Amino acid sequence: MTTEMQEIAITEEKPLLPGQPDPAKDAEAAARILLDQGQEHSIETPHGLLHVTLHGTSNTRRPAILTFHDVGLDSKSCFSPLFKFEEMQEIVKNFTLVHIDAPGQEEGAATYPMGYQYPSMEQIAEMIPAVLTYFNFRSVIGVGVGAGAYILSRFTMIHPDSVEGLVLVNIDPQARGWMDWAAQKDLNLSHFAIEEMSANADLVKSHRDRISKAPNLINIELFWRGYNSRRDLILDRTSNFKCPVMLVVGDQAPYEEAAVECNSKLDPTTTSFLKMADAGGLPQLTQPSKLTEAFKYFIQGMGYMASSVMTRLSRSRTTSLSSSYSMEGERERSRTLSQSSQGGQMPPSPSHTMEVSC
């Protein structure tokens, strides 16, 4: 019997030299960058194209969080500080996040030609169902600021089964008269109260610079005019929104009175009113921590993220919540809750009005 010797080639795995690229790590880094930047889509709708940015995957088991920005901002400048905030990541990793830019408002958008007929606020609301169809979303949790809050309200009234919850920051349901429009015709300053112009001078300057240097300023002005030409939202606490609603406004915001009036017309058993102390017209930019905490409570009240622990407020200090509710359809009594959260307390009921001073 003969024995055959076989040669076996052994390949030595040499460690990477300092400075030598690692393909696996490079691919992982590229994937993280893509996830952070989101996937951009141009979606055809009955009234033109919409620019939409998707973060995460199209997971249809939970509602997507769908945002709509205010006039003078785009989805990035309006929402990035909030949704990139550290404590917001617990929410972001559990939901698909979808940012909608109003027509012609996205970064790098082509300028509309002279005489272009910009869609009305109602028509923009009618463009949103195409986004849900495109991504195969059954429902969403809407988060809107200013004009975006108005547009999402319109959408929710028309398609109540598509919206599981609604967060409306600086909602103004009333169309402005000519005198009101003239008083706030300076788009640079429309988001800020007088106190905030001095308290947040850097933010005001940044906002002014962004608008004055915008290459698509004509598009911004068209959106601004359309918003100021909007129709009133006819609010009735018995028939408007079929989902939980959280109204948010800063106590120094120029929209405070409008938000309070809106709150008085909604069903108190499904509406939370969050008035943020020492906050102006852009609380999602200036106080993302407070808004993140309130958003977590809101989502928990809807039955999602039940195991989430309220971190910041429980670590730092007692939160004073001023809560009012309805009895036989009218808000007849109020009480102040001093809540020292130790991680085991239930979130406030959706029917409560909260004034957070923290």
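Just so it is clear, the model here is predicted, and its values are computed rather than measured. (Residues numbered from 1 in each chain as written. Predicted model: local features only at pLDDT ≥ 70, side-chain atom pairs only at ≥ 80, totals over all residues. Heavy atoms only, no water.)

### Structural notes on the side chain of glutamine 105
Alright, step 1. For glutamine 105, the location among the structural elements is in the loop between strand 4 (97-101) and helix 4 (121-125).
Alright, step 2. A distance of 3.1 Å separates a polar side-chain atom of glutamine 105 from the backbone oxygen of proline 103.
Alright, step 3. Within polar-contact distance, the side chain of glutamine 105 engages the backbone oxygen of asparagine 219 at 2.9 Å.
Alright, step 4. Residues in contact with glutamine 105, not counting those within four places in the same chain, are His69, Asp74, Tyr118, Asn216, Asn219, Ile220 and Phe223. (Helix = DSSP H or I, 4+ residues; strand = E, 2+ residues; numbered from the N terminus. Polar contact = N/O pair within 3.5 Å; in protein donor to acceptor, adjacent residues only side chain to side chain. Contact = heavy atoms within 4.5 Å.)

### Examining the packing of helix 2 (residues 75-83) against helix 13 (residues 288-301)
Alright, step 1. Contact geometry for helix 2 and helix 13: axes closest at 9 Å, N-to-C directions at 75 degrees. As far as their axial angle goes, helix 13 and helix 2 are roughly perpendicular. In this structure, helix 2 uses Pro81, Leu82 and Phe83 to contact helix 13, whose residues at the interface are Pro288, Leu291, Thr292 and Phe295.
Alright, step 2. A per-class count over the contact of helix 2 with helix 13 returns six nonpolar, one polar and no charged. (Axes fitted to C-alpha atoms, helices over the stretch in contact; angles between N-to-C directions. Parallel < 35°, antiparallel > 145°, perpendicular 65-115°, else oblique. Nonpolar A, V, L, I, M, F, W, Y, C, P; charged D, E, K, R; others polar.)

### Digging into the packing of helix 5 (residues 128-135) against helix 6 (residues 147-158)
Alright, step 1. Contact pair helix 5 / helix 6: the axes reach a minimum separation of 10 Å and the direction vectors enclose 75 degrees. One way to sum up the angle between helix 5 and helix 6 is to call them roughly perpendicular. Each of Ile128, Pro129 and Leu132 in helix 5 lies in contact with helix 6, whose residues at this interface are Ile151, Leu152 and Phe155.
Alright, step 2. Along the lines of polarity and charge, the residues of the contact of helix 5 with helix 6 split into six nonpolar, no polar and no charged.

### Some details on the pattern of salt bridges
Alright, step 1. One pass over the full model with this rule turns up seven salt bridges.
Alright, step 2. The residue arginine 154 makes a salt bridge to glutamate 122 at a minimum N-O spacing of 3.7 Å. Linking arginine 154 in helix 6 with glutamate 122 in helix 4, this pair joins segments that are 32 residues apart in sequence.
Alright, step 3. A relative accessible area of 13% places arginine 154 in the buried class.
Alright, step 4. The exposure class assigned to glutamate 122 is buried, which follows from its relative accessible area of 14%. (Salt bridge = Lys/Arg side-chain N within 4 Å of Asp/Glu carboxyl O. Buried < 20%, exposed > 50% of the residue type's maximum accessible area, 1.4 Å probe, protein only.)

### Side note on the pairing of strand 5 (residues 140-145)
Alright, step 1. Most of strand 5 is tucked away: six of the six residues are buried.
Alright, step 2. Both faces of strand 5 are covered, namely the face carrying Val140, Gly142 and Gly144 and the face carrying Ile141, Val143 and Val145.
Alright, step 3. Pairing of strand 3 (residues 64-68) with strand 5, which is carried by five bridges, proceeds in the parallel orientation. When the bridges of strand 5 are listed, isoleucine 65 appears paired with isoleucine 141.
Alright, step 4. As judged from the six bridges shared by strand 5 and strand 6 (residues 163-169), these two strands associate in the parallel manner. Opposite valine 143, over in strand 6, you have valine 167 as the bridge partner.
Alright, step 5. Read as a crossover between parallel neighbours, the route from strand 5 over helix 6 to strand 6 is right-handed. (Pairing = 2+ DSSP bridges. Right-handed = clockwise from strand over helix to strand, strands pointing away.)

### Structural notes on the environment of histidine 99
Alright, step 1. You can see histidine 99 is positioned in strand 4.
Alright, step 2. Taking the relative accessible area as the measure of exposure, histidine 99 reaches 8% and is therefore buried.
Alright, step 3. Sequence-wise, histidine 99 and threonine 53 are 46 residues apart; in three dimensions their C-alpha atoms are separated by 5.1 Å.
Alright, step 4. Discounting residues that sit within four places of it in the chain, histidine 99 has contacts with His51, Val52, Thr53, His55, Thr67, Ser75, Phe79 and Phe83.
Alright, step 5. Within the structure, the side chain of histidine 99 is placed 2.6 Å from the side chain of threonine 67, a separation counted as a polar contact.

Remember, this is a structural readout, not a statement about activity or role.
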